Amino acid sequence: MSRRVRLRYMEQEKVEHFRSVLLEQLRQHTDNVRENQEAALEMVAADDGVKDSVDMSLQDVSQELQFRLGERESQIVADIDQALLRIDEGAYGECARCGKPISERRLEAMPTARYDAECQSLIEASQGLDDISTL
Ligand SMILES: [Zn+2]
């Protein structure tokens, strides 16, 4: 067991399947990010004429929400980029923590998964609930 070999867990055609799924998601989320940014910019621009304090605070709230959504979308795009990188490296579908294969069912549900279910729940348990988005 001293020899460490990088195993290719997944057949090439399955890898290609996930690659196209990821590329499609990347395209969609890139659009979302752009729309969110545009919407946020429009709100900033619309701010100029608004002097009523109630409207202002409402607008602050929706701006904040837009920025948060934008951040979330950016995070998703980053996750997809990472997954595509792992495909290029031949490491896709492999748990980044324990190196075991991630089940295909899990990958179908979440193509950007970096960990198998076991490690994911361990990591989430150690992080607490702080990082789990409520959006
Ligand atoms: Zn694992």
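Keep in mind the model is a prediction, meaning the values are calculated, not measured. (Residues numbered from 1 in each chain as written. Predicted model: local features only at pLDDT ≥ 70, side-chain atom pairs only at ≥ 80, totals over all residues.)

Some remarks on the overall build of the protein
So, step 1. The helix and strand tally for the protein stands at 4 helices and 0 strands.
So, step 2. Beginning at the N terminus, the succession of helices and strands in the protein can be written as α-α-α-α.
So, step 3. Buried positions account for 13% of the 135 residues belonging to the protein. (Helix = DSSP H or I, 4+ residues; strand = E, 2+ residues; numbered from the N terminus. Buried ≥ 20, exposed ≤ 12 C-beta atoms within 10 Å, placed from the backbone.)

Some points on the environment of Glu 104
So, step 1. Mapped onto the elements of the fold, Glu 104 is located in helix α3 (residues 104-109).
So, step 2. A count of 14 C-beta atoms within 10 Å places Glu 104 in the partly exposed class.
So, step 3. Distance in space between the C-alpha atoms of Glu 104 and Met 10 is 9.2 Å, their sequence separation being 94 residues.

Here's the deal with the environment of Pro 101
So, step 1. Mapped onto the secondary structure, Pro 101 falls in the loop between α2 (53-89) and α3.
So, step 2. The exposure class of Pro 101 is partly exposed, given the 14 C-beta atoms found within 10 Å.
So, step 3. A C-alpha to C-alpha distance of 7.1 Å links Pro 101 and Asp 116, two positions 15 residues apart in sequence.

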